[in-house]
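# Structural overview
The lines below spell out each chain.
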Amino acid sequence: MRWIKSLLWLSAVTVAQSTEGIFNLVKRRLPDHVHDLDFILDTNFAGDYDSYVVNNGRNGTISVKGNSLSALSSGLHRYLTDVAHVDIYWFIGSRLHVAPSKLPRLSRAIYGSSTVPWRYHFNTVTFSYTTAFWTWEDWESQLDWMALRGVNLPLAWVGQEKIFLEVFPFQAWNRFGNIQGSWHGDLPESWINQQFDLQKKIIQRMVELGMTPVLPSFTGFVPANITRVLPNAKVIRGSQWGGFPIQHTNDTFLEPFDDNFAKLQVSFISKQRDFYGDVSHIYTLDQYNEIDPDSGDVDYLRNVTRSTWHSLKLADPDAIWMMQGWLFYANSDFWTDERVEAYLSGVDSNEDMLILDLFSESIPEWRRTNSYYGKPWIWCQLHNFGGNMGLYGQIQNLTQNATEALIESPSMVGYGLSMEGQEGNEIVYDLLLDQAWSRTPLDTQQYFHNWVTSRYSGQDFIPDGLYLAWNSMRQTVYNNTNMTTLAVAKSIVDIEPKLWSLVDIVGTHGTSVNYDPSVLVQAWQLMYHATKEEPRLWSNPAYQHDMVDVTRQVMDNAFIPLYLDLIESYNSSRSTHTLAQQGENLLRILTDLDSILLTNRNFRLSTWIDSARAWAHGNKTEIAFLEYNARNQITLWGPNGEISDYASKQWGGLVSSYYVPRWRMFIEYLKSTPTVSYNATEIHAQMRDFELRWQDETWSVPEPTTEMADLSKVLTRVTHQWPAIFGLE
């Protein structure tokens, strides 16, 4: 795959040959050590792909030498985590500043060489589920996190609407072509402009850090009235998606073999280059994400891709088309092997295509498609849907299976993170990116031990209980090998209550817990009691976050048998008093769960809503618009709950204001309705009326008081309330 290696050098070195970007990262995160680290960029440095060596430098410095900027930042990260024992994380932020005042010297040199040219990051939908309301400060932290972990191929999808507005004289439609229009007002032009300004900063920083941004392109989705200005345009209507009403789906698609397609592609990419500069030749383009093509004829499918490819090459002779392989799994009834091969064969030159095998850890489409019939592809971890927050991982697949794929498939050219939302299981994302630098499966026991050491940095010592807790979770919570459970399990807490079909659902959107819940209780006890040896853990941001996260999962797991007891009592026609008592227990545990979540800003609904409202800069109309969208995404996800609870979150304030009322309605309905009269439609209608009203509310609940935000005090109270749940009887 020499083409990929040469493109890597072209994109990362020709554009940014200076180490200034890495030096500035150190200034941001390690200001006291800007003169203690020395970076040497040597493109002739030996190595198949990105390679580095870390040595003791002159005058007490640490020297990092590498053949690319990504190699330099990866070498820096290896030193910081393995020697200085500090790191930067999602949610809790940078802990690099707690590095020793005098950087430790090396006992021997550290060498590293990537096994693949690309380390990819982002799913197209992450820009909605996670980053929708991010500020530049949020992006700075994210980009530093990515650089240190060796990411060199990130998707850059912010601000795409601005390009569309420049290409067309009307507002853009949905980026993916699944849905169209809006069910709650138009997207403010001020938002479009602000996002565009943010994108320019993001791309500039990506380039400074040695990354190759994957840029948008014209995919073919057009407004239905395009035939008014192009009466002879070859347009079709796409298939319905997600149960949405026709006015919000069945998007209009301009056929790629229409001459206007290439003209629009050239216009789009040219204007994008004018705005951002000549920073990349890799373009994301997904035509049939969870929708079917107009025809299954193999010649038609081949013609679609050939024409699309030609449009890209006309706009940029060096263009490489990156697409997700998700469609072949999601719509597998349509995408037979013959059709997949025909579709991919439309791009005659394999080197001009790059495919993300989006769900490699569970559904490796690369196997079914014979390594995408020779097209270069990236082994990706999807892990969650909609940013669901359950504790979960498949570390055996991430290490052993990924390594085997690299050996078996000569066209595998990268590792990638394609999570729908960034959530709390950060260790499994770190693990895959680090696996990209080893030709043998990483030792997960040693890896977890090292990760814990840097995770809780800043303490005089780290109690053994934390190592034991994480090692226990390594073997159970994070080691799912049951492939009927394919991704993060949703909690039944945040699913609309029902009399059946709530527990032990398997598959990609399941609720099945794939480990013995008592094991997690034991891990929780080890973490909780670690503070007796090191009380300062209570003020450690990493410990605060992880303790809330694990406590949340323990309470989720305990909620299941309480719910099943309620249903069994109802079906057995036990007394109303018994139902009332059991129902009250369910509501009490939810209320206490809410209080735990409120102790940490990363688990609060207000954090999400406040970040959305801030983009309106005081404009009341835009505040209402943005808050509605923030609320709708994590609840109804559609005007009428078309994919309700898909992107549910366990956040303080959301539990108390949304989930508790639904469960209370359900419990009251059971108390007042005999078993023989149970009507699922009736109770669903009651809840839907409440859910629709909740969308239009505004957030006015004050932030927790100091007492409410004290995790130690709240945990003490909650564990006294529920000693059996936490094994403290």
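Presented here is a report on the structure given in the accompanying data block. Starting from 1, residues in each chain are numbered consecutively following that chain's sequence as written. Note on the predicted model: pLDDT of at least 70 is required for a residue's local features to be given, and 80 or more for side-chain atom pairs to be given and counted; whole-chain, interface and lining totals, by contrast, use all residues. Heavy atoms throughout the structure, all of them, feed into the side-chain values; hydrogens and water do not.

With that settled, the discussion passes to the overall build of the protein. Think of it this way: any DSSP run of H or I at least four residues long counts as a helix, any run of E at least two long counts as a strand, and we number them from the N terminus. Within the protein, the regular secondary structure consists of 25 helices and 16 strands. Since a compact globule built from 729 residues should have a radius of gyration of about 27 Å, the 26 Å found for the protein is in line with a globular shape. With 729 residues in all, the protein has 62% of them scored as buried. Surface accessibility of the protein: about 27000 Å² in total, with carbon and sulfur atoms responsible for 49%. Positive and negative side-chain charges of the protein, numbering 55 and 82 respectively, have mean locations separated by a distance of 4 Å. Two things to know: the radius of gyration comes from C-alpha atoms, and the globule rule equals 2.2 Å times the number of residues to the power 0.38. Residue exposure (1.4 Å probe, protein chains only): buried if accessible area is under 20% of the type maximum, exposed if over 50%, otherwise partly exposed. With residues, only the protein chains shown are counted as cover, and all accessible areas are computed by Shrake-Rupley using a 1.4 Å probe. Charged residues are defined here as Lys and Arg on the positive side and Asp and Glu on the negative side; His and the ends of the chain fall outside this count. Throughout, a charge is located at the NZ atom of Lys, the CZ atom of Arg, the CG atom of Asp or the CD atom of Glu.

This part takes up the sheet that holds strand β15 (residues 377-381). Where strands meet in a sheet, backbone hydrogen bonds hold them as pairs that are either parallel or antiparallel. Strand order in this open sheet of seven strands is β8-β7-β16-β15-β14-β13-β12, and the pairing throughout is parallel. Bordering the open sheet on either side are β8 (153-154) and β12 (282-284), each of which pairs with just one other strand. Pairing between strands is defined by DSSP: at least two bridges between the two strands are required. As paired elements, strand β7 (residues 118-121) and strand β16 (residues 412-417) share four bridges and run parallel to each other. Within β16, the residue paired with Trp118 across the bridge is Gly414.

Pairing between side chains of opposite charge can happen when the charged atoms of each approach one another. Whenever Lys or Arg places a side-chain nitrogen within 4 Å of a carboxyl oxygen from Asp or Glu, that contact is recorded as a salt bridge. Under the defined criterion, the tally for this structure stands at 36 salt bridges. We note a salt bridge from Arg149 to Asp430, for which the minimum N-O separation is 2.5 Å. Here Arg149, found in the loop between α5 (136-148) and β8, pairs with Asp430, found in helix α15 (residues 426-435); they are 281 residues apart in sequence, far enough to count as distant. With respect to class, Arg149 is no different from Asp430; both count as buried. Between Glu568 and Arg574 there is a salt bridge, with the nearest N and O atoms lying 2.9 Å from each other. Overall, Glu568 belongs to the partly exposed group, its relative accessible area being 37%. Within this structure, Glu496, Asp645, Arg662, Arg688 and Glu691 form a network of salt bridges that share partners.

This brings us to the packing of aromatic side chains. Each Phe, Tyr or Trp ring (for Trp, its six-membered ring) is paired with any other whose centre lies within 6.5 Å, and the angle between the two planes then decides the class: stacked below 30 degrees, edge-to-face above 60, tilted in between. Taken as a whole, this structure holds 54 aromatic pairs when the rule is applied. With a centroid separation of 5.7 Å and an interplanar angle of 55°, the aromatic rings of Phe122 and Trp139 are classed as tilted. Taken together, the positions of Phe122 in the loop between β7 and α4 (126-129) and Trp139 in helix α5 put the pair 17 residues apart, joining distant regions of the chain. Overall, Phe122 belongs to the buried group, its relative accessible area being 0%. Taking relative accessible area as the criterion, Trp139 reaches 1% and is therefore assigned buried. Both rings, one in Phe257 and one in Tyr300, keep their centres 6.1 Å apart while their planes meet at 80°; by these two values the pair is edge-to-face. In this pair, Phe257 sits in the loop between β11 (252-254) and α8 (259-276) while Tyr300 sits in helix α9 (residues 298-315), placing the two residues 43 residues apart along the sequence. Overall, the relative accessible area of 27% leaves Phe257 in the partly exposed class. One aromatic cluster is present, built from ring pairs that chain together Phe221, Phe253, Tyr288, Phe328, Phe334, Trp335, Tyr343, Trp366, Tyr372 and Trp377. Whether a charge sits over a ring comes down to the Lys NZ or Arg CZ being within 6 Å of the ring centre and within 35 degrees of the ring normal. The ring of Phe334 carries Arg339 above its face, with NZ or CZ at 4.4 Å from the centroid.

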